[in-house]
Amino acid sequence: MPRLEFTPMRSHIGLSLALLMVVGVVFAAPLPNQSPHRTEGTVNCASSTCHGSITPLEGSDVLQNEYTTWLRLDRHTQAYAVLLNERSRSIARKLGLKTPAHATQICLDCHSHAPGPARRGKRHVLGEGVGCEGCHGPAEKWLAGHVEDGASHARNLAQGLYPTERPAAQARLCLSCHFGDDSRFVSHRLMGAGHPRLSFEVKTFTSLEPAHFRVDADYRKRKGTHEGLKVWSVGQAVAVIHLLETLTDPKRGRQGPFPELVLFDCHSCHHPMSEQRWSPRLGVGPGVIRLNDSNLLMLRAIVRALMPQDSAGFDAEVHALHLAVATGEAPPGKDYLDLAHALTRRVESLIPGLERHSYDAEVMRRILVALVEESRQSSFADYAGAEQAYMAITSLVNDLVPRGMKVDKTALRSAMNRLLDALANDEHYQPAVFQAALEELRARLQPAAR
Ligand code: HEC
Ligand code: HEC
Ligand code: HEC
Ligand code: HEC
């Protein structure tokens, strides 16, 4: 569980000038690790007149202290360093790696920006972890031009800048390391050797990083909006696609006769037998392995709140997939792979709508209600789903309070703390305690979220 707190933050209310983006284009931009261009090195960004100012520069389009924020506060600077610690040495020993973790490509793939040697410029340093170009794309073609007169965001993108401002593209970037993709992946073998469980949500983690950008008038003029809740909802859809793509990938989907275990709820296997906690949920019976449906649950609530006409169809497809994965039962002539492919296509088709949607206070309130409602259907029986729900609810409450939601802040804070307490120990998570805390929250939010 990331270090989170309920803090009424100042929100950036953006007009919904949604960029007209189709998924195909977003998914077509190569990720930084797959770009054909050369990586020039973070040192090129570090000067105080570039992005290394100590404080934000007034009168400039961008803050210009991005490098300073990254260097001082961003965990990505430690991503390589952790490969040298005892935990990494132990992981490397248990996996029987031939080289130490910091010299092993499968670790460097996520713990640094490590393109092939031919694409590494002279000043690129693996040891600086996930640097600017690890997210913004190798700078060979855009470095000089992006500060020239006549530079524009569109030209930068054409020259290989990664479109981080587009929600689906950002989510795909973050998830490529925080979940994995077809070029890098933390399998259950890695987890078994001691790699931590990965838990992630794009909006929350963007503020935790912390964000080194400010969405103001000139940002909107250059790039359109960057609405937190849009990033969250699109992020959930992209996370579901990552899960389903892994499930259906013959390389990553299986380990010998078994499916890849990281796709399932960790705690459905990893909890003491004396703590019997099964409850009727989403159509799968007791004693079967459960797909990690945390992002699917969020997406169900999103669809119910934003696209009610699609809700019944979506729920039916999710239910059918759960059943097919857990028991092999599927409609005649189909198996779980067919169902997973169909659901992937459905989720892909939702993304443009989620990107175009506006996320005003009324929409936020509807999503909040839908999430609390999930709990009444015992949906948060597993830790991972409850954790996602907590991150979403925190974001929503933080966005709604400054927009005038009428609520007793002290009581709200105590309800949020109770939710967080229910998540304190993943191995001894008790769904009933989390659900009771959500009911308290529901009472506090009335009449806002009745
Ligand atoms: C698919 C990307 C990916 C791969 C591959 C990967 N990691 Fe990680 N690793 C992560 C992410 C993301 C985190 C941070 C998890 C968090 O805090 O949410 C992490 C965290 C860790 C941590 C805990 C760091 C801490 O701050 O305590 C260690 C140790 C670690 N990884 C070692 C390794 C080693 C060794 C390898 C290679 C065998 C490896 N990782 C491969 C993505 C990856
Ligand atoms: C973990 C990924 C990540 C890393 C590492 C990263 N950025 Fe960013 N950066 C983002 C995201 C996401 C945004 C917000 C979306 C956008 O506007 O592109 C952003 C935005 C920016 C912006 C645009 C602000 C604006 O108003 O348009 C600048 C400039 C920037 N980053 C510079 C840097 C620099 C310099 C570094 C290295 C010191 C860096 N970034 C490292 C992800 C990253
Ligand atoms: C190239 C791989 C990579 C990419 C891309 C990436 N991350 Fe990370 N991220 C990591 C690794 C590895 C760690 C763990 C570092 C450590 O433990 O020191 C990490 C850690 C973090 C943390 C700290 C988590 C904690 O437990 O304290 C946050 C927050 C975070 N990333 C957010 C993001 C966001 C938001 C994006 C997308 C804009 C992103 N990351 C993209 C690899 C990546
Ligand atoms: C289908 C059941 C199942 C699921 C789901 C599952 N695991 Fe495991 N896990 C196992 C088994 C079996 C072992 C091997 C136990 C042993 O060696 O004694 C194991 C071993 C481990 C170990 C090493 C424990 C040890 O004693 O050395 C870790 C850590 C771990 N799993 C983490 C996870 C995480 C994190 C997830 C979810 C992302 C997960 N597991 C999902 C069954 C599962």
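The rules behind these values
Residues numbered from 1 in each chain as written. Chains lettered and ligands numbered in written order. Predicted model: local features only at pLDDT ≥ 70, side-chain atom pairs only at ≥ 80, totals over all residues. Heavy atoms only, no water. Near = heavy atom within 4 Å. Polar contact = N/O pair within 3.5 Å; in protein donor to acceptor, adjacent residues only side chain to side chain. 1 Å grid on protein atoms, 1.4 Å probe; cavity = no way out; pocket = protein on both sides within 12 Å on 5 of 7 lines; lining within 4 Å. Sits in = over half its atoms within 2 Å of the grid points. Helix = DSSP H or I, 4+ residues; strand = E, 2+ residues; numbered from the N terminus. Nonpolar A, V, L, I, M, F, W, Y, C, P; charged D, E, K, R; others polar. Donors = N, O, S within 2.8 Å, 3.2 Å for Na, K, Ca; no water. Tetrahedral: all angles 85-135°; square planar, octahedral: opposite > 155°, others 65-115°. Buried < 20%, exposed > 50% of the residue type's maximum accessible area, 1.4 Å probe, protein only. Phe/Tyr/Trp six-rings, centres within 6.5 Å; stacked < 30°, edge-to-face > 60°. Lys NZ or Arg CZ within 6 Å of the ring centre and 35° of its normal. Points joined across faces, edges and corners; volume = space filled by probe spheres on them. pLDDT = per-residue confidence, 0-100. Contact = heavy atoms within 4.5 Å. Salt bridge = Lys/Arg side-chain N within 4 Å of Asp/Glu carboxyl O. Axes fitted to C-alpha atoms, helices over the stretch in contact; angles between N-to-C directions. Parallel < 35°, antiparallel > 145°, perpendicular 65-115°, else oblique. Left-handed = near helix turned anticlockwise from the far one by under 90°.

(A) Region of the structure containing the site of ligand 4. What surrounds ligand 4 is the set His188, Met191, Gly192, Arg197, Leu261, Val262, Phe264, Asp265, Cys266, Cys269, His270 and Ile289. One of the side-chain N or O atoms of His188 is found 2.8 Å from a nitrogen atom in ligand 4. At 2.7 Å from a nitrogen atom of ligand 4 is found a side-chain nitrogen or oxygen belonging to His270. With respect to the pocket detection grid, ligand 4 is positioned in the second largest pocket. Of all the elements in the fold, those that place two or more residues in the shell around ligand 4 are helix 8 (188–192) and helix 12 (266–269). Class assignment of the residues belonging to the shell around ligand 4 gives a composition of seven nonpolar, three polar and two charged.

(B) Inspection of the coordination of the iron atom of ligand 3 at higher detail. Ligation of the iron atom of ligand 3 by protein atoms is provided by His76 (NE2) and His178 (NE2), these donors lying 2.0 Å from the ion. For the iron atom of ligand 3, the six donor atoms are set out with angles of 86 to 179° between them, so the coordination reads as octahedral. With a gap of 102 residues between them, His76 in the loop between helix 2 (66–73) and helix 3 (86–95) and His178 in helix 7 (residues 167–178) connect regions that are remote in the sequence. For His76, a relative accessible area of 22% corresponds to the partly exposed category.

(C) View of the packing of aromatic side chains. Per the stated rule, a full pass over the model turns up seven aromatic pairs. Each residue in the set Phe380, Tyr383, Tyr429 and Phe434 is aromatic and connected to the rest through ring pairs, giving one cluster. Taking NZ or CZ as reference, Arg252 lies 5.4 Å from the ring centre of Phe185, over its face.

(D) Main features of the site of ligand 3. Ligand 3 sits among 21 residues. The nearest are Arg75, His76, Cys174, Cys177 and His178. His76 is positioned with one of its side-chain polar atoms (N or O) 2.8 Å from a nitrogen atom of ligand 3. In this structure, His178 approaches ligand 3 through a side-chain N or O atom, which is 2.8 Å from a nitrogen atom. For the shell around ligand 3, the secondary-structure elements that each account for two or more residues are helix 4 (105–111), helix 7 and helix 9 (202–208). Tallying contributions element by element places helix 7 first for the shell around ligand 3, with five residues. Looking at the shell around ligand 3, its residues break down into ten nonpolar, seven polar and four charged.

(E) Seen up close, the coordination of the iron atom of ligand 2. Distances from the iron atom of ligand 2 to its protein donors, His136 (NE2) and His212 (NE2), fall within 2.0 Å. Around the iron atom of ligand 2 sit six donor atoms, and with donor-metal-donor angles ranging over 87 to 179° the site reads as octahedral. One end of the pair, His136, is in helix 5 (residues 132–136); the other, His212, is in the loop between helix 9 and helix 10 (217–223), and 76 residues separate them in sequence. With relative accessibility at 26%, the residue His136 sits in the partly exposed group.

(F) Here's a closer look at empty space enclosed by the protein. Applying the stated criterion across every chain, the model contains three cavities of 30 Å³ or more. For the second largest cavity, the full set of lining residues is Leu175, Phe200, Glu201, Val202, Trp232, Gly235, Gln236, Ala239, Asn295 and Gln388. Per-element accounting of the lining of the second largest cavity gives the leading share, four residues, to helix 11 (residues 228–248).

(G) View of the confidence of the model for the protein. For the protein, per-residue confidence averages 89 on the pLDDT scale, and 93% of positions sit at 70 or higher. Segment residues 1–26: pLDDT under 50, and 71 contacts once partners within four positions in sequence are set aside and those in other chains are kept.

(H) Spatial organisation of the pattern of salt bridges. Considering all chains together, one arrives at 26 salt bridges under this definition. Among the ionic pairs, Arg38 bridges to Glu40, the shortest N-O distance being 3.0 Å. Take Glu40: its relative accessible area is 16%, and that puts it in the buried class. Note that Asp61 and Arg222 form a salt bridge whose closest N and O atoms lie 3.8 Å from each other. Taken together, the positions of Asp61 in the loop between helix 1 (23–28) and helix 2 and Arg222 in helix 10 put the pair 161 residues apart, joining distant regions of the chain. Assessed through its relative accessible area of 46%, Asp61 is described here as partly exposed. Given a relative accessible area of 31%, Arg222 falls into the partly exposed group. Several salt bridges share partner residues, and in doing so they unite Arg38, Glu40, Glu140 and Lys141 into one network.

(I) A look at the packing of helix 7 against helix 11. Following both chains from N to C, one finds helix 7 and helix 11 inclined at 50°, their axes separated by 8 Å at the closest point. Judged by the inter-axis angle, helix 7 sits oblique to helix 11. For the pair helix 7 and helix 11, the crossing hand works out as right-handed. Along the contact surface, helix 7 presents Pro167, Ala168, Gln170, Ala171, Arg172, Leu175 and Ser176, while helix 11 presents Lys230, Val231, Val234, Gly235, Val238, Ala239 and His242. In terms of residue class, the contact of helix 7 with helix 11 is made up of eight nonpolar, four polar and two charged.

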